[in-house]
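Geometric and topological summary
Okay, here's what each chain looks like letter by letter:
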Amino acid sequence: MMSLYPEYRLRRLRRTPQIRRLFDQPLPGPERFIWPVFAVPGTNRAEPISAMPGQFRYSPDRLVEALENPVRTGIGGILIFGVPEKNTKDNEGTSAALPGGITPLTIRAVKQAYPNLPVFSDVCLCAYTQHGHCGPLDAEGQVDNDAANLQLVQTALAHAKAGADAVAPSAMMDGQVQAVRSGLDQAGFINTILMSYSTKFASNFYGPFREAELSTPQSNDRRSYQASPANLQQALLESTLDEAEGADILMVKPAMLYLDVISRLRERTDLPLAAYNVSGEYAMLMATAERGWGNLRAMVRESITSIARAGADLIVSYWANQYEELLANR
Ligand code: PBG
């Protein structure tokens, strides 16, 4: 390529903030953000999560309070993670599907207070199994795929009955999307949206979340069911299969380390695409800022810009409850 310099100078378009602003894509508005929230039984509980400053485990009443601001800001929705009492856990994760369980209870409380707020619920078993895996273990200690699917269907149904607008299966079982979709349809929940955690990697950036949800696997790890960070083709195929199984929304998780996967999927699908800006990504920026090694607002804005630029429509992010301070223009 021939040099266009000195006639052409890109710096002309960057000289002042007002000029730069003419060409920059705006940050996504609050309506593109889904706030993940942790729900615990009881009343008047707001337990700080130490690895995630600014995030808490809330009882339903306190969650309703904590939502006042984000709802006023106009966030797009919430994604509920139920954190049950320890003594309710078993090998199968049966308590995940109880109609009076923590997630259905929370869905009802939030829907009553904010009928128009889109409520998504995480559908997984890891918080409900003693061993912390995302489904029942078989004799070899592997997660039993098809037994997990049966339990995931029952769990999704309990959430749909409680009024969830969208259910989000995250266990990375083969066929879980098809199983949940047909279970919902057979029970008449044809309008319940299915957001699949379609490309979910076996990531080391879920650590703070597992502290929040008390769901660390007690043995081994999740690499026999979550996708390998080192295998792009399988990562893409995971989402392609979920599209064929009937997902309404696809997702890449984590977000910041997998921007290439987001942009590849953006080209392959016309379904809406979500990106999950996970707990480790949140903790990383928080910790850097707390040490005085970076400006939180600037780092958050740059990382959200990147996720949106890669092609995500929805951003599931713990920054959502701080949209005004960190993301709104001022
Ligand atoms: C599993 C689940 C996990 C996250 C969301 N759903 C943890 C895991 O797979 O180990 C992680 C979210 C985060 O790190 O913010 N049900």
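**So, the overall build of the chain**
Helices and strands together make up the secondary structure of the chain, namely 12 helices and 11 strands. Whereas a compact globule of 330 residues would reach a radius of gyration of roughly 20 Å, the chain reaches 20 Å, a difference of no more than 12%. In terms of overall dimensions, the chain has a C-alpha envelope of 70 × 45 × 40 Å along the principal axes. Taking all 330 residues of the chain together, the buried fraction comes to 53%. Once local pairs closer than 6 in sequence are excluded, the contacts in the chain between residues at least 24 apart make up 75%. Across the chain, the 31 positively charged side chains and the 35 negatively charged ones have centroids separated by 11 Å.

**Re the packing of helix H9 (residues 259-268) against helix H11 (residues 296-310)**
The contact between H9 and H11 brings their axes to 8 Å, and the two run at 30°. As judged from the angle between their axes, H9 and H11 are roughly parallel. When H9 is examined against H11, the residues Leu259, Ile262, Ser263 and Arg266 are found in contact with a partner set consisting of Ser306, Ile307 and Ala310. Of the residues in the contact of H9 with H11, the class split is 4 nonpolar, 2 polar and 1 charged.

**Points about the nonpolar core**
Ile78, Tyr276 and Trp319 are the most contacted members of the largest nonpolar core, which has 99 residues in total. Looking at which element gives the most residues to this core, the answer is helix H5 (residues 145-162), with 7 residues. When near neighbours in sequence (up to four residues on either side) are disregarded, isoleucine 78 contacts Ile34, Trp35, Val37, Leu67, Val110, Leu117, Pro118, Val119 and Phe120.

**Things to note about the packing of aromatic side chains**
A full pass over the atoms with the stated rule returns 11 aromatic pairs. Positioned above the aromatic ring of tyrosine 276, the side-chain terminus of lysine 253 is 4.9 Å from the ring centre.

**Topic: the site of the ligand**
The environment of the ligand is made up of 17 residues, and the closest members are Arg210, Gln226, Lys253, Ser279 and Tyr318. Between the ligand and lysine 200, the relevant distance is 2.8 Å, taken from an oxygen atom to a side-chain nitrogen or oxygen of the residue. Between the ligand and lysine 253, the relevant distance is 3.3 Å, taken from a nitrogen atom to a side-chain nitrogen or oxygen of the residue. Notes on the ligand: free accessible area 400 Å², of which the protein chains cover 100%.

**Side note on the pairing of strand S1 (residues 33-39)**
Of all 7 residues that make up S1, 7 are buried, and the element is covered over most of its length. Burial along S1 is two-sided: Phe33, Trp35, Val37 and Ala39 facing one way and Ile34, Pro36 and Phe38 facing the other are all buried. Relative to strand S11 (residues 314-317), S1 runs parallel, the two sharing 2 bridges. Note that in S11 the partner of isoleucine 34 across the bridge is valine 316. Here S1 runs beside strand S4 (residues 77-82); their pairing, made up of 6 bridges, is parallel. By the bridge assignment for S4, proline 36 is matched with leucine 79. Pairing geometry for S1 and strand S3 (residues 56-58), over 2 bridges, is parallel. Residue pairing across strands places alanine 39 opposite tyrosine 58, the latter belonging to S3.

**Comments concerning the pairing of S4**
For S4, a buried count of 6 out of 6 residues is recorded, marking the element as mostly surrounded by other parts of the structure. Burial of S4 is two-sided: the residues Gly77, Leu79 and Phe81 facing one way and the residues Ile78, Ile80 and Gly82 facing the other way are all buried. Handedness of the crossover joining S4 and strand S5 (residues 119-123) through helix H4 (residues 102-113): right-handed.

**Concerning the pattern of salt bridges**
Proximity of charged atoms lets side chains of opposite charge pair with each other. On inspection of all chains with the given rule, the structure shows 9 salt bridges. Among the salt bridges present, the one from aspartate 248 reaches arginine 181, with a minimum N-O distance of 3.6 Å. With aspartate 248 in the loop between helix H8 (232-245) and strand S9 (250-253) and arginine 181 in helix H6 (residues 176-186), this pair connects stretches of sequence that are 67 residues apart. Its relative accessible area of 32% is what places aspartate 248 among the partly exposed residues. Residue arginine 181 is classed as buried on the basis of its relative accessible area of 12%. What you see here is one network of salt bridges that share partners, running through Arg45, Glu47, Arg57 and Glu85.

Scoring rules and cut-offs
- Residues numbered from 1 in each chain as written.
- Predicted model: local features only at pLDDT ≥ 70, side-chain atom pairs only at ≥ 80, totals over all residues.
- Heavy atoms only, no water.
- Helix = DSSP H or I, 4+ residues; strand = E, 2+ residues; numbered from the N terminus.
- Rg over C-alpha atoms; globule rule 2.2 N^0.38 Å.
- Buried < 20%, exposed > 50% of the residue type's maximum accessible area, 1.4 Å probe, protein only.
- Contact = heavy atoms within 4.5 Å.
- Lys, Arg positive; Asp, Glu negative; His and termini not counted.
- Charge placed at Lys NZ, Arg CZ, Asp CG, Glu CD.
- Axes fitted to C-alpha atoms, helices over the stretch in contact; angles between N-to-C directions.
- Parallel < 35°, antiparallel > 145°, perpendicular 65-115°, else oblique.
- Nonpolar A, V, L, I, M, F, W, Y, C, P; charged D, E, K, R; others polar.
- Core = buried A, V, L, I, M, F, W, Y, C linked by side-chain atoms within 4.5 Å.
- Phe/Tyr/Trp six-rings, centres within 6.5 Å; stacked < 30°, edge-to-face > 60°.
- Lys NZ or Arg CZ within 6 Å of the ring centre and 35° of its normal.
- Near = heavy atom within 4 Å.
- Polar contact = N/O pair within 3.5 Å; in protein donor to acceptor, adjacent residues only side chain to side chain.
- Areas by Shrake-Rupley, 256 points an atom, 1.4 Å probe, with all protein chains shown as cover.
- Pairing = 2+ DSSP bridges.
- Right-handed = clockwise from strand over helix to strand, strands pointing away.
- Salt bridge = Lys/Arg side-chain N within 4 Å of Asp/Glu carboxyl O.

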